[in-house]
Amino acid sequence: QASGVTVNDEVIKVFNDMKVRKSSSTEDVKKRKKAVLFCLSDDKKKIVVEEGKWILVGDIGESVDDPYACFVKLLPLNDCRYGLYDATYETKESKKEDLVFIFCLVAPGIKKAPEGAPLKSKMIYASSKDAIKKKFTGIKHEWQVNGLDDIQDRATLADKLGGNVVVSLEGLPL
């Protein structure tokens with residue numbers, strides 16, 4: 001906790017809800033978050049769930065066709081974020097679901113420009129990454145995104161999930 005930033009309990013609850021997949025009723029599954037963004041509180045002392053910045057499993061096929069593209073659109077154009085994305089993908093052998101911890105260091109909207117996110121914000125997000133990561137136990141995939149080009153291309157995420165063995169992401173062939 002080098003930056004002195006703490007992780008809000010709601011963040012941990014969201015992570016645990018996304019992680020647990022067993023014995024959920026259909027209704028519970030629909031309410032589970034498929035993707036969510038976390039940001040710094042206004043006083044920059046806590047990492048919190050960003051209000052309204054999530055996609056529910058139940059939204060897919062209703063208001064959301066492509067959950068990955070929808071997730072990318074949730075990202076701000078001029079600041080850093082942490083995110084969790086529950087990726088559904090297929091390899092040549094099997095169908096899989098894995099949580100990915102995403103750390104957007106450079107504001108995605110500005111192509112790798114240092115002036116993308118305010119420097120102070122970038123420094124706090126970078127130095128607080130371990131605080132949130134420590135709470136997300138058992139995450140296999142971590143992805144540091146450094147610009148819009150990085151995250152817009154779903155093949156980059158597929159690569160993080162298993163390289164060239166991944167044949168589709170969210171039901172869409174790569």
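What this report covers is the structure whose coordinates are included nearby. Owing to the predicted nature of the structure, the values given are computational and were not obtained by experimental measurement.

**Comments concerning helix α1 (residues 9–19)**
Restricting attention to buried positions, one finds in α1 the residues V11, V14, F15 and M18. Projected down its long axis, α1 shows its buried positions confined to an angular sector of 100°, all on one face. Tucked inside the fold, the buried residues of α1 contact β1 (6–7), β2 (33–40), β3 (46–56), β4 (81–91), β5 (95–104) and α4 (119–135). With a side-chain oxygen lying 2.7 Å from the backbone nitrogen of E10, the N-terminal cap of α1 falls on N8.

**Points about the layout of surface pockets**
Picture a little ball the size of a water molecule; that probe, rolled over the atoms, points out where space is still empty. Size it by volume and the largest pocket reaches roughly 200 Å³. Along its surface, the largest pocket is lined by E10, K13, V14, D17, M18, V20, S24, D28, V29, K31, R32 and K33. The set of elements that each furnish at least two residues to the lining of the largest pocket consists of α1 and α2 (26–31). Ranked by residues supplied to the lining of the largest pocket, first place goes to α1 with 5 residues.

What counts and what doesn't
- Starting from 1, residues in each chain are numbered consecutively following that chain's sequence as written.
- Given that the model is predicted, a residue must reach a pLDDT of at least 70 before its local features are reported, and side-chain atom pairs must reach 80 or more before they are shown or counted; all residues, however, enter totals for whole chains, interfaces and linings.
- Side-chain figures throughout are based on the complete set of non-hydrogen atoms in the structure, without hydrogens or water.
- Each residue's exposure class comes from its accessible area (1.4 Å probe, protein chains only) as a fraction of the maximum for that residue type: buried when under 20%, exposed when over 50%, partly exposed otherwise.
- Numbered from the N terminus, helices here are DSSP runs of H or I no shorter than four residues, and strands are runs of E no shorter than two.
- What the arc describes is the spread of directions from the helix axis to the C-beta atoms.
- For this analysis, residues touch if any pair of their heavy atoms sits within 4.5 Å.
- We define a polar contact as two N or O atoms separated by no more than 3.5 Å, with the added condition that, inside protein, one atom must be a possible hydrogen donor and the other a possible acceptor, whereas residues neighbouring each other in sequence contribute only through side-chain atom pairs.
- A pocket, in this scheme, is an open set of points on a 1 Å grid over the protein atoms alone with protein on both sides within 12 Å along at least 5 of 7 lines, while a cavity is a set where a 1.4 Å probe fits but cannot get out; residues line either one if an atom lies within 4 Å of a point.
- Grid points are joined across faces, edges and corners, and a volume is the space filled by probe spheres set on the points.

Keep in mind these values describe shape, not function.
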